[in-house]
Amino acid sequence: MALTDDAAQPTALWIFGYGSLIWRPTFAFVERREGYIDGWTRRFWQGSTDHRGVPGAPGRVVTLVPEADARCWGAAYRIDESQRDDVLAHLDHREKGGYERQDVTLHFRDDAAPHRALVYVATHANPEYLGPASLEALAIQVRTARGPSGANIEYVLRLADALRAMNAHDDHVFALAALL
């Protein structure tokens, strides 16, 4: 199946958010839609020393991990072409703690056609990456972490609330939120 761009804007740029971008997009956008990407699962495996923690006491934020039959729901934002460079510069700075841009195939809840999108993913190759931990260990770390963007617990609970509002189930997020 061929990927399509928005008919009104042949060069439409979509940004897919699966963490704080769902409830806190700090950039200009033309349109917001709920959507998902297949083959990825959300995990609290990325350390945050610039937003939800500090050096020496990092918080835990989500990244995407490849998983064959997984589906990750989130929010997609269409960016006006005239603001493309500014938005990408802003997001590159916001996601500077180990995240890299990747191209993904995005699907909308109400549209069968796949679309191109950019997503920021933190891989194990970055210095902030913390990797897997038990839910209990994650909860202990999240309860105590705080950074310039606020308490780490707020990040987890707001993500869980945003996913519930979208009617998008995520076992990992909801299990951690329940422990908190």
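Residues numbered from 1 in each chain as written. Predicted model: local features only at pLDDT ≥ 70, side-chain atom pairs only at ≥ 80, totals over all residues. Heavy atoms only, no water.

*Asks:* Looking at this structure, I do not really get the confidence of the model for the chain. What am I missing?
*Replies:* Detailed reading of the predicted coordinates is not advisable wherever pLDDT falls low. Counting all residues, the mean pLDDT for the chain is 93, and 94% of those residues have values of 70 or more. Segment residues 1-9 is flagged for pLDDT under 50; beyond a separation of four residues in sequence, or across chains, it makes 23 contacts in the model. (pLDDT = per-residue confidence, 0-100. Contact = heavy atoms within 4.5 Å.)

*Asks:* Before we go on, may I ask you to explain the pattern of salt bridges in this structure?
*Replies:* In a structure, side chains of opposite charge can pair up when their charged atoms sit close to one another. Taken as a whole and judged by the stated rule, the model has 13 salt bridges. Between aspartate 38 and arginine 71 there is a salt bridge, with the nearest N and O atoms lying 2.7 Å from each other. Of this pair, aspartate 38 sits in strand E2 (residues 31-48) while arginine 71 sits in strand E3 (residues 59-79), and the two are 33 residues apart along the sequence. Taking relative accessible area as the criterion, aspartate 38 reaches 38% and is therefore assigned partly exposed. One salt bridge connects arginine 158 with glutamate 154, and the closest N-O pair in it is separated by 3.7 Å. With a gap of 4 residues between them, arginine 158 and glutamate 154 both fall in helix H3 (residues 152-165), about one helical turn apart. By relative accessible area, arginine 158 is classed as partly exposed at 37%. Salt bridges sharing common partners tie together Glu31, Arg33, Arg78 and Asp110. (Salt bridge = Lys/Arg side-chain N within 4 Å of Asp/Glu carboxyl O. Helix = DSSP H or I, 4+ residues; strand = E, 2+ residues; numbered from the N terminus. Buried < 20%, exposed > 50% of the residue type's maximum accessible area, 1.4 Å probe, protein only.)

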